[in-house]
Amino acid sequence: MTDQVNLLPTLMPPYRQIGYPNAPCGGRSCCTDSVGAEIVRRDKGRTISPGAFRAAARPGDQTPCSGLTPGQFLNGLRAYGVKGYEYASPVTASDVLAATDHGIVLVGVGYAGYPTVRECQVGGKVDFGFVGAHAVSVWGRRKLNGRWIAWVRDPDHHWNGSDGARPAPPYDRMDSAYLTRAIAALVGASGWQTTFAIWRTS
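The structure reproduced in this document is the subject of the present report.

### Topic: empty space enclosed by the protein
By the definition in use, this model includes one cavity of 30 Å³ or more. A volume near 90 Å³ is recorded for the largest cavity. Around the largest cavity sit 15 residues that line it, and Pro-14, Tyr-15, Arg-153, Asp-154 and Pro-155 are the ones nearest its centre. The leading source of residues in the lining of the largest cavity is helix α1 (residues 31-44), at three residues. A class-by-class count of the residues in the lining of the largest cavity yields seven nonpolar, three polar and five charged.

Dropping the structure here:
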């Protein structure tokens, strides 16, 4: 399997968590669930909602405004028949980008360090009120002008594709230095003590 960049235009629309219909906590806690739904759509050809992924990952959810733990996320993938994924910690941006050769990667980031519209080549964050722990999906990389460029989907956008005056991007494209910064910013955010990812090993 190669990385997933060429699939981005075919797997639309992106999963965007804020206000997603019937999502737990109005979608605010559904970054992990949105990444899980992206992986299920990519691997199994099934389009499910973030709420459906949450129900499979954490049945009888008693904490709707909390995101999934890594173990719960893996439960959700297994429930939909997605195989080969595992938790990895600590991780670097280079590790994460290399792992996209085997599938979409969930990586934890600190949103305070996630790149802005001005920093990204395409897309970029528009939610500046949130600075905590977050999960994004990393799809692949290309080397352009001697620099590794990462393609990422960030679910922190409104579900209908509207981010106020501008449409939500189909993906974010960034220099890998910004991915490095975002991953490093997870440590200390919302209690996280280490970097982590969930990826397929082969």
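### With respect to the layout of surface pockets
Here the largest pocket defines a volume of roughly 410 Å³. Lining of the largest pocket is provided by 27 residues; of these, Cys-31, Gly-67, Ala-133, His-134 and Ala-135 occupy positions nearest its centre. Elements supplying a minimum of two residues to the lining of the largest pocket: α1, α3 (70-79), β2 (105-110) and β3 (133-144). The biggest single contributor to the lining of the largest pocket is β3, with three residues.

### Regarding the pattern of salt bridges
Applying the stated criterion to the full structure yields 10 salt bridges. A single network of salt bridges, built from pairs that share partners, joins Asp-33, Arg-54, Arg-58 and Asp-61.

### Comments concerning the packing of aromatic side chains
Scanning all chains against the criterion turns up eight aromatic pairs. Ring geometry for Phe-53 against Phe-73: centres 5.4 Å apart, planes inclined by 50°, an arrangement best described as tilted. Of this pair, Phe-53 sits in helix α2 (residues 50-57) while Phe-73 sits in helix α3, and the two are 20 residues apart along the sequence. Considered together, Phe-53 and Phe-73 belong to a single accessibility category, that of buried residues. When the centroid spacing of 5.4 Å and the interplanar angle of 35° are considered together, the rings of Tyr-111 and Phe-130 count as tilted. Of this pair, Tyr-111 sits in the loop between β2 and β3 while Phe-130 sits in the loop between β2 and β3, placing them 19 residues apart in sequence. By way of ring pairs, the aromatic residues Tyr-15, Tyr-20 and Trp-159 are connected into one cluster. One Lys or Arg, Lys-125, reaches over the ring of Tyr-111 and ends 5.2 Å from the middle of that ring. Over the face of the ring belonging to Trp-148 we find Arg-141, whose NZ or CZ atom lies 5.5 Å from the ring centre.

### Some words on α2
At 3.6 residues per turn, the α-helix brings residues three or four places apart onto the same side. Those residues of α2 not exposed but buried are Pro-50, Gly-51, Phe-53, Arg-54 and Ala-57. Buried positions in α2, seen along its axis, are confined to an arc of 160° and lie on one side of it. Buried-residue contacts for α2 involve α1 and α3.

### Let's talk about the state of the cysteines
Following the criterion strictly, the structure yields one disulfide and no others. Across the disulfide from Cys-25 sits Cys-65; the S-S distance is 2.0 Å. Measuring the twist about the S-S bond at about 95°, one finds the Cys-25-Cys-65 disulfide to be right-handed. Pair noted here: Cys-25 is in the segment before α1 and Cys-65 is in the loop between α2 and α3, with a separation of 40 residues, a long-range link. Assessed through its relative accessible area of 15%, Cys-25 is described here as buried. For Cys-65, a relative accessible area of 52% puts it in the exposed group. A disulfide-free cysteine, Cys-31 has its sulfur positioned 8.1 Å from the sulfur of Cys-30, the nearest such atom. A relative accessible area of 10% means that Cys-31 is categorised as buried. Free of any disulfide, Cys-120 has its nearest neighbouring cysteine sulfur in Cys-31, separated by 17 Å. For Cys-120, a relative accessible area of 8% translates into the label buried.

What counts and what doesn't
Residues numbered from 1 in each chain as written. Predicted model: local features only at pLDDT ≥ 70, side-chain atom pairs only at ≥ 80, totals over all residues. Heavy atoms only, no water. 1 Å grid on protein atoms, 1.4 Å probe; cavity = no way out; pocket = protein on both sides within 12 Å on 5 of 7 lines; lining within 4 Å. Points joined across faces, edges and corners; volume = space filled by probe spheres on them. Helix = DSSP H or I, 4+ residues; strand = E, 2+ residues; numbered from the N terminus. Nonpolar A, V, L, I, M, F, W, Y, C, P; charged D, E, K, R; others polar. Salt bridge = Lys/Arg side-chain N within 4 Å of Asp/Glu carboxyl O. Phe/Tyr/Trp six-rings, centres within 6.5 Å; stacked < 30°, edge-to-face > 60°. Buried < 20%, exposed > 50% of the residue type's maximum accessible area, 1.4 Å probe, protein only. Lys NZ or Arg CZ within 6 Å of the ring centre and 35° of its normal. Arc of directions from axis to C-beta. Contact = heavy atoms within 4.5 Å. Disulfide = S-S within 2.5 Å.

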